[in-house]
Amino acid sequence: MTGQDAQAANPFAAGCAWIDGQYLPVAEARIPILDTGFVRSDLSYDVVAVWEGRFFRLDDHLDRLFAGCRRIRLTPPLTQAEIREILIGTVRRSGLREAYVEAIVTRGVPEPGVRDPRRLTPRVYAYAIPYVWIVPSEQQPRGTDVVITRGTRRIPPTAVDPTVKNFHWGDLTRGLFEAYDRGAALPILPGEDGLITEGPGFNVFALIDGVLRTPGHGVLEGITRRTVIEIAGQDGLPVAVGDLPADDLYRAAELFLTSTAGGVMPVATLDGQPVGDGRPGPVAMKIRDRYWELHRDPRYTLEVDYGEAG
Ligand code: PDG
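Remember, predicted model here, so these are calculated numbers, not experimental data.

Rules of the game
Residues numbered from 1 in each chain as written. Predicted model: local features only at pLDDT ≥ 70, side-chain atom pairs only at ≥ 80, totals over all residues. Heavy atoms only, no water. Near = heavy atom within 4 Å. Polar contact = N/O pair within 3.5 Å; in protein donor to acceptor, adjacent residues only side chain to side chain. Areas by Shrake-Rupley, 256 points an atom, 1.4 Å probe, with all protein chains shown as cover. 1 Å grid on protein atoms, 1.4 Å probe; cavity = no way out; pocket = protein on both sides within 12 Å on 5 of 7 lines; lining within 4 Å. Sits in = over half its atoms within 2 Å of the grid points. Helix = DSSP H or I, 4+ residues; strand = E, 2+ residues; numbered from the N terminus. Nonpolar A, V, L, I, M, F, W, Y, C, P; charged D, E, K, R; others polar. Salt bridge = Lys/Arg side-chain N within 4 Å of Asp/Glu carboxyl O. Buried < 20%, exposed > 50% of the residue type's maximum accessible area, 1.4 Å probe, protein only. Pairing = 2+ DSSP bridges.

### What about the site of the ligand?
If you check the shell around the ligand, you find 20 residues, and the closest are Y100, E198, I223, T224 and T260. One of the side-chain nitrogen or oxygen atoms of Y100 is found 2.6 Å away from an oxygen atom of the ligand. Between the ligand and E198 there is a distance of 2.7 Å, counted from a nitrogen atom to a side-chain nitrogen or oxygen. Burial of the ligand by the surrounding chains reaches 92%, relative to a free accessible area of 540 Å². Applying the majority rule of atoms within 2 Å of the grid points places the ligand in the largest pocket. Going through the elements one at a time, β3 (43–51), α6 (223–234) and β12 (254–259) are the ones with two or more residues in the shell around the ligand. Of the residues belonging to the shell around the ligand, the class tally is nine nonpolar, eight polar and three charged.

### Side note on the pattern of salt bridges
Counting across every chain of the model gives 22 salt bridges. Close ionic contact of R71 with D161 constitutes a salt bridge, the shortest N to O distance being 2.9 Å. Residue R71 is found in helix α3 (residues 58–71), and its partner D161 is found in the loop between β7 (144–148) and α5 (170–181); the two are separated by 90 residues along the sequence. The salt bridge involving D116 is made with R118; its shortest N-O contact spans 2.8 Å.

### Brief notes about the pairing of β3
For β3, a buried count of nine out of nine residues is recorded, marking the element as mostly surrounded by other parts of the structure. Of the two faces of β3, the one holding L43, Y45, V47, A49 and W51 and the one holding S44, D46, V48 and V50 are both buried throughout. As paired strands, β3 and strand β5 (residues 99–106) are joined by eight bridges and run antiparallel to one another. The residue of β5 that forms the bridge with V50 is A99. Sheet analysis places β3 next to strand β4 (residues 54–56), joined by two bridges and oriented antiparallel. Bridge pairing links W51 to R54 in β4. Counting the residues between successive antiparallel strands, the hairpin from β3 to β4 contains two residues, one of them, E52, with a positive phi of roughly 50°.

### Here we look at the pairing of strand β2 (residues 22–25)
On any regular strand, side chains alternate: one points to one face of the sheet, the next to the other face. Here strand β1 (residues 16–19) pairs with β2 via four bridges, running antiparallel. Bridge pairing links I19 to Q22 in β2. Between β1 and β2, which pair antiparallel in sequence order, lie two residues; one of them, D20, sits at a positive phi of approximately 50°.

That is the geometry; function is a separate question.
Encoded structure:
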């Protein structure tokens, strides 16, 4: 079946959104233009993956979403169980076995002239679209090319709390342009203090002197990051979650990025120089294999019942 045929057979095949109690083909979904999520980035969101028809760590993603909302004093208008059902509903209707599934809670649409965020009624949006790869899967065994940005620092956590998943992507997008300008695919941003933080949609890990290190502060506490830390623990690999000066990255034997959108993504070059021997290392590749194995493990996953829709 071609993409067009699939779409004719199921109008949700390219993705399914949920807005105001209704499921819509993703291309038809519209947000109200005055929603402060759009005009003020006043929201939190989360992204969870479906792989081979199973959600990966769905409740961990929802817990993070609700914790984030609390931190920005945003009360979702639906319960966690209700949003969970909506996410499952978008995937079921799409029929997608590999999906990128997003839930967004915005502060809402103000009455005319209202600027006080306490006076708005929050809104929920959700959608499922085909799975997204920050580094294409076929490129991962060769590794990707990254730079540490010189012209852009991560927004300080005292301004925008990075542990609350957010759309304040000005710094991350600026970093992407710097990466392209320097012939790389992705940027890693240092904070104002020169310590490594994260990049556009991913956390960072470095294997340095036999220890797997990842930044402890100033980053989103990624679910993939948590999974990698757990896998390393099971394998007896020492892990240090804490300050990671940019300089230390240049002597890493292995470097990799982690995200729901792409999993465990090895890095081949940093600032144009090979990391290790310039090929993904054995530690990264082993963790990557384990990460994908866990997507079949009932302890970490929820099987989607596609019913007749699939
Ligand atoms: N840091 C930032 C700034 C992120 O946006 C993400 C995830 C991560 C780290 C990694 O977190 P986790 O392992 O829980 O996925 N971002 C992407 C969404 C944004 C995108 O790039 O599409 C994700 O959740 O898939």
